[in-house]
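So you can see what is in the structure, the chains are spelled out below.
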Amino acid sequence: MVRLSNEKLTVTIAEKGAELQSIIRNDNSFEYMWSGNPDFWGKKSPVLFPIVGGLKHNSYQYNGQTYTLGRHGFAREMNFVVTEQGPDSVLFSLIDNEATHKVYPFKFIFSVRYVLTADELKVTYHVKNTGDELMYFSVGAHPAFKVPLAEGSAFTDYYLEFEKVENAGRWPLTAEGQIAAFSVPFLNNTNKLPLQKSLFYEDALVFKNLASHTISIKSDLTGYGIRVHFEGFPYMGIWSAKDADFVCIEPWCGIADSETATGDLTEKEGINVLHPGQLFDRTWSAVFY
C-alpha cells in the first residue's frame, strides 16, 4: 500500500490495480470510500483499461485476429510499479508484457497519478503508445463512495447534484452488459437526482455527453459531501451493487459495446486512438468536505 497525506486528507492506494482504498479526513478520521464488503462488491475503485465496460461476446477483432478480454479490461487485476513518489503524490505505471499481449496486441505505458491538494484528490491517467502502429484503447474511473456518508443518515437522505440542469436520457444495459440501441428518458430539466437503491436494480445509469462537468453527492441533513469533476470524459456511469451502501461516479473515456457493435476494435464507440509515440492524458478530481 502507498499512503499520501497532507493537512486535510490521508489517501491509501494499493499497488494491485493502482486502486484507491481509502480517503480519510484528518481532523476527524472520517472515511469517504466504500468498505469493499465482498457480500455486495469487493472492489473499491478499479481503474478501467484498456476497455470500459463489456465487449460483445467478451471479444474483439483487430488485424484479422480475435482477442478475448473481460469486462473493464486487465489493468485492475495487474500489479503496477511505483515510479515516482512524494508525501502528497504518487505515480503508478504498467508496461505491456507477455500476459497483456495475449489479450491486447499493443505496446504501451499506462500510468495513474494521484495528487493531494488541500481537500482535493486529482487522478490523472497517462497513456503512451510505445509501439510502431496505431493504438486503440479506452480508460475510465470506477470510484465507490460511501453512502450514507454520516452515521445516523440513510441512503435516501442523499442526492446527486449536477453542475447544470440536465435533459439526458440513460442508455440501458442489456442482460449481457451491452448498451441498448436507444436511450430512455431519465433526467428531465433537472440538476438533482434523489438516491434510492432501486435506481440500480437494472445495473448502471449510463449517460453520454452530459452538460455538466461536475456531480456532487449531498444531503440536506449533514455537512459531509463529495464533489467530482470530470471535464474531458464524454461518458458517465453511475452505479451501485444491489442494496449496497455506496455510489460509484464513473467518468469514462470509452463505453461498453452496443448491442449492434461489429466487434471490430477500430470501429468501437468511444475508442481513443494514439499514434506511435503519442501521449494521452485525462484528469478527474474530487473534493471531500
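First things first, this report covers the structure right here in the doc. (Residues numbered from 1 in each chain as written. Predicted model: local features only at pLDDT ≥ 70, side-chain atom pairs only at ≥ 80, totals over all residues. Heavy atoms only, no water.)

Before going further, it helps to spend a moment on the pairing of strand E9 (residues 108-117). As paired elements, strand E8 (residues 89-95) and E9 share seven bridges and run antiparallel to each other. In the sheet register, Ser93 faces E9, and the bridge partner there is Ser111. Sheet topology places E9 next to strand E10 (residues 120-129); ten bridges connect them, and they run antiparallel. Of the residues in E10, the one forming a bridge with Val115 is Lys122. (Pairing = 2+ DSSP bridges. Helix = DSSP H or I, 4+ residues; strand = E, 2+ residues; numbered from the N terminus.)

Turning to the packing of aromatic side chains, a few remarks are in order. A complete count under the given rule lists 27 aromatic pairs for this structure. Both rings, one in Trp41 and one in Trp239, keep their centres 5.1 Å apart while their planes meet at 80°; by these two values the pair is edge-to-face. In this pair, Trp41 sits in the loop between strand E4 (30-31) and strand E5 (59-62) while Trp239 sits in strand E19 (residues 235-239), placing the two residues 198 residues apart along the sequence. Between Phe74 and Tyr104, the ring centres sit 5.9 Å apart and the planes meet at 65°, which makes this aromatic pair edge-to-face. In this pair, Phe74 is assigned in the loop between strand E6 (65-68) and strand E7 (81-86) and Tyr104 in the loop between helix H1 (98-103) and E9, connecting sequence segments 30 residues apart. We classify Tyr104 as buried; its relative accessible area is 1%. Geometry around Phe30 places Lys146 over its ring, the cationic atom sitting 4.7 Å from the centre. For Lys242, the ring lying beneath its charged end belongs to Tyr201, and the centroid distance is 5.2 Å. (Phe/Tyr/Trp six-rings, centres within 6.5 Å; stacked < 30°, edge-to-face > 60°. Buried < 20%, exposed > 50% of the residue type's maximum accessible area, 1.4 Å probe, protein only. Lys NZ or Arg CZ within 6 Å of the ring centre and 35° of its normal.)

The step from Phe49 to Pro50 runs through a cis peptide bond, and the omega angle for that step is 5°. Looking at where Pro50 falls in the secondary structure, it is placed in the loop between E4 and E5. Geometrically, the link from Val147 to Pro148 is a cis peptide bond, its omega value of 5° lying close to zero. Among the secondary structure elements, Pro148 is positioned in the loop between strand E13 (144-146) and strand E14 (158-170). Notably, Asn63 is not glycine yet its phi reads approximately 50°, a positive angle. The residue Asn63 is located in the loop between E5 and E6 in this model.

What follows deals with the pairing of E10. Between E9 and E10, which pair antiparallel and follow one another directly, the connecting turn spans two residues, one of which, Ala118, has a positive phi of 55°. Here E10 runs beside strand E22 (residues 279-288); their pairing, made up of nine bridges, is antiparallel. Residue pairing for E22: Glu120 is matched across the bridge by Val287.

Bringing the sheet that holds strand E3 (residues 19-25) into the picture now. Spatial ordering of the open sheet is given by E1-E2-E3-E4, a layout of four strands whose pairing is antiparallel. Lying at the two open borders of the sheet, with one neighbouring strand each, are strand E1 (2-5) and E4. With two bridges connecting them, E3 and E4 associate as antiparallel partners. Note on E4: the bridge partner recorded for Arg25 is Phe30.

With antiparallel pairing, nine strands are arranged side by side in an open sheet as E7-E8-E9-E10-E22-E18-E17-E14-E15. On the outer flanks of this sheet lie E7 and strand E15 (184-194), each paired with one strand and no other. Averaged over neighbouring strand pairs, the angle between their axes works out to 20° when direction is ignored. As paired elements, E14 and strand E17 (residues 214-219) share five bridges and run antiparallel to each other. If you follow Leu160 over to E17, its bridge partner there is Ile217. (Axes fitted to C-alpha atoms, helices over the stretch in contact; angles between N-to-C directions.)

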